[in-house]
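Results of the structural survey
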Amino acid sequence: MAAPQTPTVAPRALDARAVRAITRRLARAEAPWLHREVARRMAERLPVIRKQPSAVIEWSAWLGGSDEALQAAYPEAQRVIVESDAALLARMSSQAQRPWWSPRRWLHAVPPVLAPEALPPAAGELLWSNMMLHAVCDPPALMAQWQQALAVEGFLMFSTLGPGTLPELRALYEQAGWGLPMAELVDMHDLGDMLLRAGFADPVMDQETITLTFASPASALAELRTLGGNAAPGRFAGLRTPRWRRRLEQALQGQADPHGRIALRFEVVYGHAFRPAPQARVQPRTEVSLEAMREMVRSGRPTRGGEPGRVR
């Protein structure tokens, strides 16, 4: 049976301890506005998928802010929430344990909340991940987990920040000699290659730029704080001073337009792929597991040779 290829891409240059600290802080707040807006835009792409999933896996639901979008798109589907971070897992679990009189229990079924290792294989027909991949140290390893979590012919939808994010802030830091304001982000073409190596098929990648404007440097920095923090390994090692903060705000104000508005751009990358049926390799001797044969029969795929058309 053909198995997903072993990822060969080195983990990203990302400070894992800083990521955990940032995630714990974000776990105490609501999902950022930008995440909810991206979830809405990603949900607008779902009608092109003909297959209606009966089970949906939402990876990193709390920070993804996708509850409303997914409920509207698939009101009858069973949902499973997966949280990798312990703080978010605890918060989502406590939200799921609502009392019987909670209005949310009347309106919607309460989905189970699981850690990744507790999720059984082939648990869903749609795996949805909104605005979390850019905070992952080893994207190929995570994509391999996603591939195993999906049923055969199930599809993956995800969004993440791309390297065109916050060019204004990057230029400002470079001019001032302050290093990197954030960790480097992965290009969408590299993400597509990672999907193929993880065993996905027909990856489709695209991107758009969302520009947010702010009335003051303070409001811009407050919004950026809701989105995360600087997890670049080479970031400034100590604490910044109030004097440095004033310099940063003055530099941001210097980028304002004639109306005094400060614009910050975010590149949002969207990805879509599906899990194909396993196929036996054409060799003098081929061994196929009983479960793999069952999947091939259920999907109508041949064990070798040509591949029939599919409708999803």
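Data block above holds the structure.
I will try to describe carefully the structure that is included in this document.

Rules behind the numbers
- Residues numbered from 1 in each chain as written.
- Predicted model: local features only at pLDDT ≥ 70, side-chain atom pairs only at ≥ 80, totals over all residues.
- Heavy atoms only, no water.
- Helix = DSSP H or I, 4+ residues; strand = E, 2+ residues; numbered from the N terminus.
- Buried < 20%, exposed > 50% of the residue type's maximum accessible area, 1.4 Å probe, protein only.
- 1 Å grid on protein atoms, 1.4 Å probe; cavity = no way out; pocket = protein on both sides within 12 Å on 5 of 7 lines; lining within 4 Å.
- Points joined across faces, edges and corners; volume = space filled by probe spheres on them.
- Nonpolar A, V, L, I, M, F, W, Y, C, P; charged D, E, K, R; others polar.
- Axes fitted to C-alpha atoms, helices over the stretch in contact; angles between N-to-C directions.
- Parallel < 35°, antiparallel > 145°, perpendicular 65-115°, else oblique.
- Contact = heavy atoms within 4.5 Å.
- Core = buried A, V, L, I, M, F, W, Y, C linked by side-chain atoms within 4.5 Å.
- Salt bridge = Lys/Arg side-chain N within 4 Å of Asp/Glu carboxyl O.

**Section: unusual backbone geometry**
Look at Met131: it is not a glycine, yet its phi comes out positive at around 55°. Residue Asp202 is not a glycine yet carries a positive backbone phi of 50°. Along the chain, Asp202 turns up in strand E6 (residues 201-214). According to the relative accessible area criterion, Asp202 is partly exposed, its value standing at 39%.

**Points about empty space enclosed by the protein**
This structure, assessed with the given rule, holds 1 cavity of 30 Å³ or more. If you add up the space inside the largest cavity, you get close to 40 Å³. The wall of the largest cavity is formed by Arg12, Leu133, His134, Pro139, Thr160, Leu161, Leu185, Val186 and Leu191. Looking at the lining of the largest cavity, its residues break down into 6 nonpolar, 2 polar and 1 charged.

**Considering the packing of helix H10 (residues 217-227) against helix H11 (residues 242-253)**
The packing of two helices is summarised by the inter-axis angle and the distance between the axes. Contact geometry of H10 with H11 gives a least axis separation of 9 Å together with a crossing angle of 105°. Our classification of the angle between H10 and H11 gives roughly perpendicular. Contact with H10, carried on its side by Pro217, Ala218 and Leu221, involves Arg245, Leu248, Glu249, Leu252 and Gln253 of H11 and no other residues of that element.

**Some details on the environment of Leu114**
Relative to the assigned elements, Leu114 resides in strand E3 (residues 113-114). Along the sequence, Leu114 and Val80 sit 34 residues apart, while their C-alpha atoms lie 7.5 Å from each other. With residues up to four places along the chain from it excluded, the contact list for Leu114 reads Val80, Ile81, Val82, Glu83, Leu89 and Leu119.

**Structural notes on the nonpolar core**
Counting 42 residues, the largest nonpolar core has Trp128, Phe155, Leu224, Leu248 and Phe266 as the members making the most contacts within it. Counting residues per element, this core draws most heavily on strand E7 (residues 262-274), at 6 residues. If we skip the residues at most four places from it in the chain, Phe266 touches Leu34, Leu161, Thr165, Leu166, Glu208, Thr209, Ile210, Leu212, Leu224 and Leu227.

**Regarding the pattern of salt bridges**
Once their charged atoms are close, side chains differing in charge can pair, the charge on each being opposite to the other. Taken as a whole and judged by the stated rule, the model has 11 salt bridges. The salt bridge involving Arg40 is made with Glu37; its shortest N-O contact spans 2.5 Å. Taken together, the residues span about one helical turn, with Arg40 and Glu37 both in helix H2 (residues 33-43) at a distance of 3 residues. A salt bridge links Arg41 to Glu37; its shortest N-O distance comes to 2.8 Å. Of this pair, Arg41 and Glu37 both sit in helix H2, separated by 4 residues, roughly a single helical turn. Accessibility expressed as a relative area gives 12% for Glu37, which makes it buried. Among the ionic contacts, a cluster of salt bridges with common partners joins Glu37, Arg40, Arg41, Glu44 and Glu208.

Purely spatial values, then, with no claim about function.
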